[in-house]
Amino acid sequence: MTRRIVLLVAVLLLALLPVLNALPSSNPLHVSDFLVSIIGKWICYAILALALDLAWGYAGILSLGHGAFFALGGYAIGMHLMRLIGPRGVYGHPVLPDFMVFLGYRELPWFWLGFDWFPFAFLMALVVPGLLALVVGYLAFRSRITGVYLSIITQALTYALMLAFFRNDMGFGGNNGFTDFKELLGLPLNSGTTRAILFYAALVSLVVVFLLCSALTRTKYGRVLTAIRDAESRVRFLGYSVTQHKLFVFVLSAMIAGLAGALYVPLVGIINPGEFSPGNSIEAVVWVAFGGRGTLVGAVLGAFSVNALKTWLTSVAPDLWLIALGCLFVAVPLLLPKGLVGLVRRRKGKA
């Protein structure tokens, strides 16, 4: 009950931020646009952390490629936003985005068709990461590839996608990616009202995903996942289809990561191949480990706390962030094997 009250209070406080942002700047309770924007990003990162915790914390699937699913979801919505620019672009072409006109494209590539319709783009933000996870997961789990070998495969996947999306001939904007978005669902993206709507959309999505993951992990299926994490060979011996269980949770996790990316792009106003960087996936692992693997609450707490540290440290000493991230990567398994949530529980037990 105490945890539920704390979570409810946290959600209500987050929900107040756009309201406080609408106050006059002279009001002492006014919240800046920067703070609303940065916390909106953290909310999207928290959804990504939940996705990773569902796969790693409960099924033991340590993926170092969830940044790829996040980026694919972001690119799907980015394609929709680029299609909406139309004649308002630099070159004024009614169909082709500016980068295609610059690169000499004569017509819209076939894989861009349908992205002018938001429901289709949003569906692709979920389906494309899910299909990729289905293919990779089926091949890996059927071959009983686990542990560090699976982690290397997922990291190689995201690195390969990053290199591919950097190419101009891929049709995704190359190094620059997508930016200069104008509107979403008829609302101008540079308005305070739209920013507030996007913030609330991300917050509601975080709550829904948290409740979904919580409900799933409390079922018999969730208990089987935990058993697979702790003793996969025994679960297989008992007659359970380990491949099907792991494949389902891996695909679901990828789709949730795609949702996080889809919410992220309208909030930040840009998407480029840098989002595929393996470093981003490793950071997500640090969030989950620091907050508490296999707790869901810890995943959200880790995403907020580590990104708050990153925001502060990159503003006062940018060169130290990668060193701090490396220290966290090493120190958390040694000093906080169960994360912040485990530390709190241990102190309560001693009390």
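Since the model is a prediction, treat every value here as computed from it, not as a measurement.

Caption draft 1: Representation of the overall build of the protein chain in the model. Check the secondary structure of the protein chain and you find 13 helices and four strands. Counting only C-alpha atoms and orienting by the principal axes, one finds that the protein chain spans roughly 65 × 55 × 40 Å. For the protein chain, buried positions account for 49% of its 351 residues. Across the protein chain, the fraction of contacts at a sequence separation of at least 24, relative to all contacts at a separation of at least 6, is 76%. As displayed, the protein chain has an accessible area near 17,300 Å², and 68% of this comes from carbon and sulfur atoms.

Caption draft 2: A look at helix H9 (residues 242–268). Compared with an ideal rise of 1.5 Å per residue, which puts 27 residues at 39 Å, H9 spans 39 Å between its outermost C-alpha atoms and is within 8% of the ideal. Of all 27 residues that make up H9, 22 are buried, and the element is covered over most of its length. Downstream of H9 by a residue or two, Gly 269 has a phi angle that is positive, lying close to 80°.

Caption draft 3: Molecular detail of helix H5 (residues 118–142). For H5, which comprises 25 residues, the first-to-last C-alpha distance of 35 Å matches the rise-based estimate of 36 Å (1.5 Å per residue) to within 8%. Taken as a whole, H5 carries its principal kink of about 25° at Met 124. Restricting attention to buried positions, one finds in H5 the residues Ala 121, Met 124, Ala 125, Leu 126, Pro 129, Gly 130, Ala 133, Val 136, Gly 137, Ala 140 and Phe 141. On its buried face, H5 is in contact with helix H3 (66–85), helix H6 (147–165) and H9. One or two residues past the end of H5 sits Arg 144, with phi positive at roughly 60°.

Caption draft 4: Region of interest: the packing of H6 against helix H10 (residues 278–291). Close contact between H6 and H10 brings their axes to 9 Å; oriented N to C, the two are set at 140°. With respect to H10, the axis of H6 lies oblique. Contact residues: H6 offers Gln 155, Thr 158, Tyr 159 and Met 162, while H10 offers Pro 278, Ser 281 and Ile 282. In terms of residue class, the contact of H6 with H10 is made up of four nonpolar, three polar and no charged.

Caption draft 5: How the structure looks around a nonpolar patch on the surface. A cluster of nonpolar side chains, namely Ile 5, Val 9, Leu 13, Leu 16 and Val 19, defines an oily patch on the protein surface of about 440 Å² accessible area. Within the element layout of this structure, Ile 5 appears in helix H1 (residues 2–21). When its relative accessible area of 48% is taken as the criterion, Ile 5 is described as partly exposed.

Caption draft 6: Focus on unusual backbone geometry. Even without being a glycine, Leu 185 presents a positive backbone phi close to 55°. Looking at where Leu 185 falls in the secondary structure, it is placed in the loop between strand S2 (183–184) and strand S3 (187–188). Phi is positive for Leu 296, close to 65°, though the residue is something other than glycine. Mapped onto the secondary structure, Leu 296 falls in the loop between H10 and helix H11 (297–316).

Caption draft 7: Fine view of the pattern of salt bridges. Summed over all chains, the structure comprises eight salt bridges. The partner of Glu 232 in a salt bridge is Arg 236, with the nearest N and O atoms 2.7 Å apart. With a gap of four residues between them, Glu 232 and Arg 236 both fall in helix H8 (residues 220–237), about one helical turn apart. The exposure class assigned to Glu 232 is buried, which follows from its relative accessible area of 19%. In this structure, Lys 246 engages Glu 232 in a salt bridge whose closest nitrogen and oxygen atoms are separated by 3.2 Å. A residue pair is termed long-range when its members are at least 10 positions apart, and Lys 246 in helix H9 and Glu 232 in helix H8 qualify at 14 residues.

Caption draft 8: The arrangement of the nonpolar core in detail. Judged by nonpolar contacts, the single largest core of 109 residues is most densely connected at Ile 39, Phe 178 and Phe 276. Examining the composition of this core, we find that 19 residues originate from one element, helix H2 (residues 33–59), more than from any other.

Caption draft 9: Just the environment of Val 36, in detail. Along the chain, Val 36 falls in helix H2. Separated by 163 residues in sequence, Val 36 and Phe 199 place their C-alpha atoms 7.8 Å apart. Dropping the residues within four chain positions of it, Val 36 is found in contact with Leu 17, Asn 21, Val 31 and Phe 199.

Cut-off values and rules
Residues numbered from 1 in each chain as written. Predicted model: local features only at pLDDT ≥ 70, side-chain atom pairs only at ≥ 80, totals over all residues. Heavy atoms only, no water. Helix = DSSP H or I, 4+ residues; strand = E, 2+ residues; numbered from the N terminus. Buried < 20%, exposed > 50% of the residue type's maximum accessible area, 1.4 Å probe, protein only. Contact = heavy atoms within 4.5 Å. Areas by Shrake-Rupley, 256 points an atom, 1.4 Å probe, with all protein chains shown as cover. Expected span 1.5 Å × (residues − 1). Bend = angle between axes of the 7 residues up to and from the residue. Axes fitted to C-alpha atoms, helices over the stretch in contact; angles between N-to-C directions. Parallel < 35°, antiparallel > 145°, perpendicular 65-115°, else oblique. Nonpolar A, V, L, I, M, F, W, Y, C, P; charged D, E, K, R; others polar. Patch = residues over 30% accessible without salt bridge, like charges linked within 9 Å, V, L, I, M, F, W, Y side chains within 5 Å. Salt bridge = Lys/Arg side-chain N within 4 Å of Asp/Glu carboxyl O. Core = buried A, V, L, I, M, F, W, Y, C linked by side-chain atoms within 4.5 Å.

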